[in-house]
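Examining the three-dimensional arrangement
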Amino acid sequence: MKKISKMVSILAFGVILASNAAYAASTDYNFQLPSTGSKYTNDVYKQTVSKVTTNDATYIGWEGSEIDCWTCSTDNKVLSAKSTYSDTGTVSMYMAQSLANDYIGNPVNMKIKTSTSTMHACNVRGSFDPS
Amino acid sequence: MSSYFKSELKRATISKNTLIALILTIALYFIGYYEFTGFIGFNVKEFKEIYDSIDIFIVIRKSYLSLLIPLIASMVFSDSYLLDLETGYLNFIYLRLSRKRYMLIKILVNAIISGLVIVVSSIIVFIILYLIFGINENSLFNEVTGTFSLIYKKNKSIYFLILIITSFIFNVIFATLSLGLSPYLKNRYLTVIASFAYYVISATIFVSLKLFQLNATLLFTLNYLSSGMLIIYQILLFLVGVILFYFGVLYKNEKNV
């Protein structure tokens, strides 16, 4: 009996740990973006009905570079309008409110790439928060 | 001189290339629009709370158009000197005009028509966007950075006008650069892609050499450059085009006429 309760408590602890990881509020990224093609962040669970997801850009490589980012589902569906930035700071990506409601508790990620007019690779760092 | 200027302007305005360039520019704006709004659940009513017509115009202008605009600028009339040369029309023109006047008219017409292509297509696209999204001075859009971004924060309508003017100047510069290279290249197709080649080289090789301020894409996207640097770079590139054309026509093809 003691063994079973010990196993149950270990299992419960493990589940709590795993869910904490999955429900982390944001995920950091550190990419070297190629001149063509895109990268995507780890999946993060959307926790609120907010239609604004944010990208806190902390570093952009070569000066004059422009970066596009947008929110995606795990099956690669585009969930927000594309946002473009060329400076560090918080970048907002807007979803439809109905979609934001539908995605509470679901994993999403952020796709990121150099913009059409940026024809070279570029290092970027920051964190993605789906809210 | 004025009658030749008028006839050249008319010839350029009603040409097939001008029409194609106009349609292509509008199409690239709409591809950008489709890409921007092509997410699940897009609806105009909700979108209008965040972006107005000027904001959307700013975004879609930086899409595929920002990549292909030097090609469009050059395809309008930049190969016209070679066409005059190939058809023998140049011999006839030189009977009536001095070479310097011919060059001046060629540069002016090429610049005006190429510049007008982007202005007219931009205004057509903006009118459509305005009818759908209107103007909202309090929109949540906050992606405007770089040259003239302070003007956007104070008055976005003036910023829109600046975008139209800089687009006009951009096309003038790249059309003139292609025209200037045409006497050396002696090939109409190479002429059309010549300034585009410079555009790509400036955005790749110059950047990798850390010559960030010489990245010609910044002349269109208006990122990073100070207004002073922007104007200096615009003037320099335009002068390079004019000087190349001047010496190219005067000395390069002398034996052909």
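Notes on the structure in this doc start here. Sequence order sets the numbering: in each chain, residues are counted from 1 along the sequence as written. Note on labels: chains are lettered from A, ligands numbered from 1, in written order. In keeping with the predicted nature of the model, local features appear solely for residues at pLDDT of at least 70, side-chain atom pairs appear and are counted solely at 80 or more, and the whole-chain, interface and lining totals rest on all residues.

Thoughts on the overall build of chain B
Secondary structure elements follow DSSP: runs of H or I of four or more residues count as helices, runs of E of two or more count as strands, with numbering from the N terminus. A tally of helices and strands in chain B yields 13 helices and zero strands. Mapped in sequence order, the helices and strands of chain B form the string α-α-α-α-α-α-α-α-α-α-α-α-α. Using C-alpha atoms as the atom set, the radius of gyration is obtained and then compared with a globule rule of 2.2 Å times the number of residues to the power 0.38. Taken against the 2.2 N^0.38 rule, which gives 18 Å for 257 residues, the C-alpha radius of gyration of chain B at 20 Å falls within 12% of a compact globule. Expressed as lengths along the three principal axes of its C-alpha atoms, the size of chain B is roughly 65 × 40 × 30 Å. To sort residues by burial, count the other C-beta atoms lying within 10 Å of each one's C-beta; a count of 20 or more means buried, 12 or fewer means exposed, and anything in between means partly exposed. C-beta atoms are built from the backbone. Residues counted as buried form 42% of the 257 residues belonging to chain B. Throughout, a pair of residues is in contact if the C-beta atoms placed from their backbones lie within 7 Å. When contacts within chain B are restricted to residue pairs at least 6 apart in sequence, those whose partners lie at least 24 apart make up 82%.

A word on the interface of chain B and chain A
Of the residues lining the interface, 33 residues belong to chain B; the matching set on chain A comes to 26 residues. Going through the elements one at a time, helix 2 (16-37), helix 5 (64-75), helix 11 (188-208) and helix 12 (218-221) of chain B are the ones with two or more residues in the side of chain B that touches chain A. Per element, the largest residue contribution to the side of chain B that touches chain A is five residues, and it comes from helix 11 of chain B. Residue classes follow a fixed rule: Ala, Val, Leu, Ile, Met, Phe, Trp, Tyr, Cys and Pro count as nonpolar, while Asp, Glu, Lys and Arg count as charged, and any other residue, Gly among them, counts as polar. Here the residues of the side of chain B that touches chain A are counted per class, giving 15 nonpolar, 14 polar and four charged.

What to know about the packing of helix 5 of chain B against helix 11 of chain B
Residue and element names in this part refer to chain B. Running from N to C, helix 5 and helix 11 cross one another at 150°; their axes reach a closest spacing of 8 Å. The orientation of helix 5 with respect to helix 11, classified from their angle, is roughly antiparallel. For the pair helix 5 and helix 11, the crossing hand works out as right-handed. In this structure, helix 5 contributes P70, L71, S74 and M75 to the contact, and helix 11 contributes T191, V192, I193, S195, F196 and Y199. Only the stretch in contact is used when fitting a helix axis, every axis being a line fitted to C-alpha atoms; angles between N-to-C directions are given from 0 to 180 degrees. Orientation is classified from the angle alone, with under 35 degrees giving roughly parallel, over 145 giving roughly antiparallel, 65 to 115 giving roughly perpendicular, and any other angle giving oblique. For any pair of crossing helices, the crossing counts as left-handed if the nearer helix is rotated counterclockwise from the farther one by less than a right angle, and right-handed if it is rotated clockwise.

With respect to the pairing of strand 8 (residues 107-114) of chain A
Residues and elements named next belong to chain A. The element strand 8 is extensively covered by neighbouring structure, given that six of its eight residues are classed as buried. When DSSP finds two or more bridges between a pair of strands, those strands are recorded as paired. With three bridges connecting them, strand 2 (residues 38-40) and strand 8 associate as antiparallel partners. Looking across to strand 8, one finds that Y40 is bridged to K111. In terms of strand pairing, strand 3 (residues 44-45) meets strand 8 through two bridges, oriented antiparallel. Looking at the pairing, V44 lines up with V108 of strand 8.

Here's the deal with helix 10 (residues 156-185) of chain B
If you check helix 10 of chain B, its first and last C-alpha atoms are 42 Å apart, about what 30 residues at 1.5 Å a residue would give, namely 44 Å. Downstream of helix 10 of chain B by a residue or two, K186 of chain B has a phi angle that is positive, lying close to 55°. An expected span of 1.5 Å times one less than the residue number is assigned to each helix.

Digging into the nonpolar core
By convention in this section, buried Ala, Val, Leu, Ile, Met, Phe, Trp, Tyr and Cys residues joined through C-beta atoms within 7 Å make up a nonpolar core. Judged by nonpolar contacts, the single largest core of 91 residues is most densely connected at F57, V76, I173 and A175 of chain B. Excluding anything up to four places from it in sequence, F57 of chain B contacts V125, F126, L129 and F160 of chain B.

Brief notes about the packing of helix 8 (residues 99-133) of chain B against helix 10 of chain B
In a packed pair of helices, the relevant descriptors are the angle between the two axes and the axis-to-axis distance. Residue and element names in this part refer to chain B. Helix 10 packs onto helix 8 with a crossing angle of 140° between their chain directions and a minimal axis gap of 8 Å. Looking at the two axes, helix 8 sits oblique to helix 10. Of the two elements, helix 8 crosses helix 10, and the hand of that crossing is right-handed. Contacts between helix 8 and helix 10 involve K106, I107, N110, A111, S114, G115, V117, I118, V119 and S122 from the first element and I164, S167, F168, N171, V172, A175, T176 and L179 from the second. The residue makeup of the contact of helix 8 with helix 10, split by class, is 10 nonpolar, seven polar and one charged.

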